[in-house]
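Each chain, written out:
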Amino acid sequence: MKYSANSVWENKDQYDVAVIGAGHAGCEAALACARLGFRTIVFTVSVDSIALMPCNPNIGGSSKGHLVKEVDALGGEMGKVIDQTFIQSKMLNKSKGPAVHSLRAQADKNEYSKTMRQVLENQENLEIKQAEIVNILTENDEVTGVQLYSGMIYRCKAVILCTGTYLKSRCVYGDVSMSTGPNGLQSANYLTDCLKELGIKMYRFKTGTPARIDKNSIDFSKMEEQFGDERIVPFSFTTNPNDVQIDQASCWLTYTNEETHRIIRENLDRSPLYSGMIEGTGPRYCPSIEDKVVKFADKNRHQVFIEPEGLGTNEMYVGGMSSSLPEDVQYAMYRSVPGLENAKIVRNAYAIEYDCIDGRQLKPSLEFKNIHGLFSAGQFNGSSGYEEAAAQGIVAGINAARMLQGKEPMILDRSEAYIGVLIDDIVTKESHEPYRMMTSRAEYRLLLRQDNADQRLTKKGYEVGLINEERYQRLLKKEELIKNEIERVEHANVGANEKVQTLLKECGSTPLSSGSTIAELIRRPELTYDMLKPIDDARPDFPKNLAEEVAEQVNICIKYAGYITRQMRQVEQFKKLERKKIPDDIDYDKVNSLRIEAIQKLKEHRPASIGQASRISGVSPADISVLLIYLGGVYK
Amino acid sequence: MNYNEQTTIAAISTAMSNSGIGIVRMTGEDSVEIADRIYRGKKNKKLSEQMSHTIHYGYICDGDEVIDEVLVMLMRGPHTYTGEDTVEINCHGGVYVVKKVLETVIKYGARPAEPGEFTKRAFLNGKMDLSQAEAVGDLITAQNEYALKSSVSQLKGNVKEKISNIRQKIIYHTAFIETALDDPEHISVDGYGEKLKVTVDELLGDIRHLLDTCDDGRILKEGVNTVILGKPNAGKSSLMNAFLGEDRAIVTDIAGTTRDVLEEHINLQGISLNIMDTAGIRDTEDIVEKIGVDKAINYAKDADLILFVIDASSELDENDIEILKMIQGKQAIILLNKSDLDMIVTKKVIENKVNELQPVNSSETENHNPIIEVSAKEKSGIAEFEQILKDMFYDGKLTFNDEIYITNVRQKTALQEAYRSLQKVNESIEMGMPEDFYSIDLLDAYESLGSITGETIGEDLVNEIFSKFCMGK
């Protein structure tokens, strides 16, 4: 749809940054800009839907929990808000290595949304405006403002696109199709055409959500109750752990069965996906129940998690059964599941299609390569998930601000943060489905743990200006304590005396045959730093507010030292190529020895560094050698 | 993908022939240290204690085993070809000895150089000027393309298949672990170690077997790549049989299942020949001969040696002329077969023909390919053929393709790395490490094996996760 204004007039207020969309990406982006001192305005089609969670009622989960921690370590908001509004919390993979421990919380959706909205409302330099943006105004490939559906123009120097799933969105189930955003909200139908005119390549992606069922219609006696952790760990490094030990709500586990699968199979022809009514590409990691039944036909049941949407509502989310089958089939299918025999569906399951971009048009700073001052973040960039959105949001916000400050962008690389992996993948790899974070995507995941996100990123947050002095000083203190304690423990000797042997026996460990160090003992899989306290006479007392964190870091760093050192060595190699920047004005046609395929790919991507170039499919190691030589010669 | 700019690399820098000496060259920051580990000089003086740009007599040893008596040249950076510390080991020229020295150097810490890597380092360390940059680039591109082609094409069909099978298993198990870690509420990986160990043990056995194969030289076709050309009725097969008389052993018979060439590996006077006879020609008795000739020409392009068999009892035809044209400037021996019959085609005929083919102003008349009269039937001329072959080899006209051998070392190193990584998986299982640690070493093994078959990881893991396992939500 092409927009034509009836009347145009200009708002005389001056803004530095306009953020389009107030979802999880938009909120972080807007807050970052405003907090860094820039006059920021955030537009949303509905002020009531700020920080809305239109799909699952969780924040965090495997690798996503890492992202939340990292956003927090940089000075973002998501972690703080979920710490105030969660109703159940679990540390996933607790029996596995520290790299894959991941925090996941059930959110009270309304409370989350409301709390985040208040943070925005009370933020200095930040304004909220309900409006649909129809045009991005540019002059000489530089952003100058945005235009509202009303025709009004707001001038600004940077724009951050965070449109989520709202661009030309369409919700579908069975033969029902509605041109709305998620939850029946208004979609944004004009902006796509404007973006296309700016030369931006658009994709069409698809995702889906399950039904919400009235709690009073569910028979929980037929389900397994799922509890939260006994001791809750907060997301934010600023939250006092004692403040989050709440009474938790339960989730419930049940299963689909052959009957469910029969109903689905018999009605597949009525699914809009199979009839071709939906053309968008869906994510493989979050398949609809019909996809699961077709693709994994040998599985005779699938798990179904019944999760509360909040404390102030009876709606329950049916995790594991997203669908776009017709309404009558949905009833039959859900009611075939034990405990859901009399289920009343409050909201139908649906699939949603929306416009997004090919992320390879972005620089690692999340600014468009071809339009100065235009940034983008979140689902609009082809990702999925609240946490992925927030992570990009804060980076786009920081970098829009840094552009206005005339500073170099803040770019996190793959060895520094999951955020770095996420953004590098988005801007480097071609994707045909919404991108989800996974721990297996992080090459150096032993270094990128959720427990050390502050050590990795808070210094950067401080340099950028989002972390205050007090928090920074606390980090420095913590790091010093960890360093000294590791040093001490490596050299703390223990003899094979009675006391030691007894403790070892009690902990199920083999007695010592000769002297050892505390560090050596920590490296035994069955022992930990904490367990050895009774035989570690010289152990210092740490300040109360840091003791737990320091002990955890010392334990991990010593226990997994071998693996950690190995990954650090790999990182050194990796960094060498990352640091070799490729100038913007490089003419690949002049690099004679490159293969034609490589020239094409490199021209298309315009990677920022040799490291990024090496991750482009179709660029070989030999091409990288040739590039290195060319850069070494021409740009020395 | 290996971009270790700083590690120490090694390669054989002389041709792989039985020439007087062979040089193994090593460069990089650890090269002197590595040399110290394997070099025994007089009075046990270490190389690292010696002055730069000096030559030392001694032995290369692998532990207690003496590999060779050598001269070692020590050159510290920056005044070296690459600009980095460099050690050159001059050893006795036998192919076996040079290989052994290179393997020892690698065993003690160097890694096989990538194609063009010495030159690349020289450039990056400012040892060449800008005008040379392009040439270096071309060299690397060309050598890499060749190496990639050759490393994969030289693998025997079943070796590639075996490696692919191992990789398949590795990625499947890794994907399972990763799926469980990403979606712990749907899939549990508890106690998976025991199950995995069974597979890892199997895979270790498979790789061990491949390594043994490697040592036997059966993994690659080492030797002089030789192509036999000639019309179907020229007597190629019978001539081959004559060469392979009772006293000459067929080392391996590697009739390819995927390629339309018949290959035989023969050893004449200590020289290994991989003889390729195009199946196309064999089977085209009744088809237009032109097709067969085209095919043969293709194989001959990359050959180190061409044996052109001519039926001396009948007139030269178009095909013969075409082949004659093609072998100009290549290492070839022309065999006039059926010399027991009335010879219509004689040495003189061929010489005249070749002179006709040569450009008028060409002065290179002495560089003619040798022509020998042979008879497969009477087994005559074979001794003369062997003598010529030997002369060519010792004159250095005939060499192994260096890259083939280097590739072999790289592949062996990669197999060893994969083996070590899988051993680490087992260690982690035995130590009771959490499951996520298994994937780290499993993926390392996967990547090492991939470097043999020319495959990288890319999105393999993510794709495997999605295609094999059902994620929740």
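All values reported here derive from a predicted model rather than from experimental measurement.

## Quick notes on the overall build of chain A
So, step 1. Helix and strand counts for chain A come out as 20 helices and 23 strands.
So, step 2. Radius of gyration (C-alpha) of chain A: 26 Å, near the 26 Å computed for a compact globule of 636 residues.
So, step 3. Across its three principal directions, the C-alpha atoms of chain A cover 90 × 70 × 50 Å.
So, step 4. Buried positions account for 52% of the 636 residues belonging to chain A.
So, step 5. Counting contacts in chain A only where the partners sit at least 6 residues apart, residues at least 24 apart contribute 73% of the total.

## Notes on the domain arrangement of chain A
Residue and element names in this part refer to chain A.
So, step 1. Each domain of chain A was delimited in the assignment, giving domain 1 (17–206 + 354–464), domain 2 (212–351), domain 3 (469–567) and domain 4 (580–634).
So, step 2. Once you take the C-alpha centre of each, domain 1 and domain 4 turn out to be 30 Å apart.
So, step 3. Opposite the six residues of domain 1 that make contact, domain 4 presents six residues.
So, step 4. Split by residue class, the side of domain 1 that touches domain 4 holds one nonpolar, one polar and four charged.

## Some words on the packing of helix α6 (residues 258–266) of chain A against helix α9 (residues 327–335) of chain A
Residue and element names in this part refer to chain A.
So, step 1. Viewed as axis vectors pointing N to C, α6 and α9 meet at an angle of 165°, and their least axial separation amounts to 8 Å. One finds that α6 runs roughly antiparallel with respect to α9. In this structure, α6 crosses over α9, and the sense of that crossing is left-handed. In contact with T260, I263 and I264 of α6, α9 contributes V329, A332 and M333.
So, step 2. Of the residues that constitute the contact of α6 with α9, the class distribution is five nonpolar, one polar and no charged.

## Topic: the sheet that holds strand β11 (residues 170–173) of chain A
Residues and elements named next belong to chain A.
So, step 1. Taken together, four strands build an open sheet; the order of strands is β12-β11-β20-β13 and the sheet is antiparallel. The outermost strands of the open sheet, each flanked by one partner alone, are β12 (176–178) and β13 (202–209). Each neighbouring strand pair of the sheet contributes to a mean axis angle of 25°, computed without reference to strand direction.
So, step 2. As judged from the three bridges shared by β11 and strand β20 (residues 350–357), these two strands associate in the antiparallel manner. Residue pairing for β20: C171 is matched across the bridge by I352.

About the cut-offs
Residues numbered from 1 in each chain as written. Chains lettered and ligands numbered in written order. Predicted model: local features only at pLDDT ≥ 70, side-chain atom pairs only at ≥ 80, totals over all residues. Helix = DSSP H or I, 4+ residues; strand = E, 2+ residues; numbered from the N terminus. Rg over C-alpha atoms; globule rule 2.2 N^0.38 Å. Buried ≥ 20, exposed ≤ 12 C-beta atoms within 10 Å, placed from the backbone. Contact = placed C-beta atoms within 7 Å. Domains from an automatic or database assignment. Nonpolar A, V, L, I, M, F, W, Y, C, P; charged D, E, K, R; others polar. Axes fitted to C-alpha atoms, helices over the stretch in contact; angles between N-to-C directions. Parallel < 35°, antiparallel > 145°, perpendicular 65-115°, else oblique. Left-handed = near helix turned anticlockwise from the far one by under 90°. Pairing = 2+ DSSP bridges.

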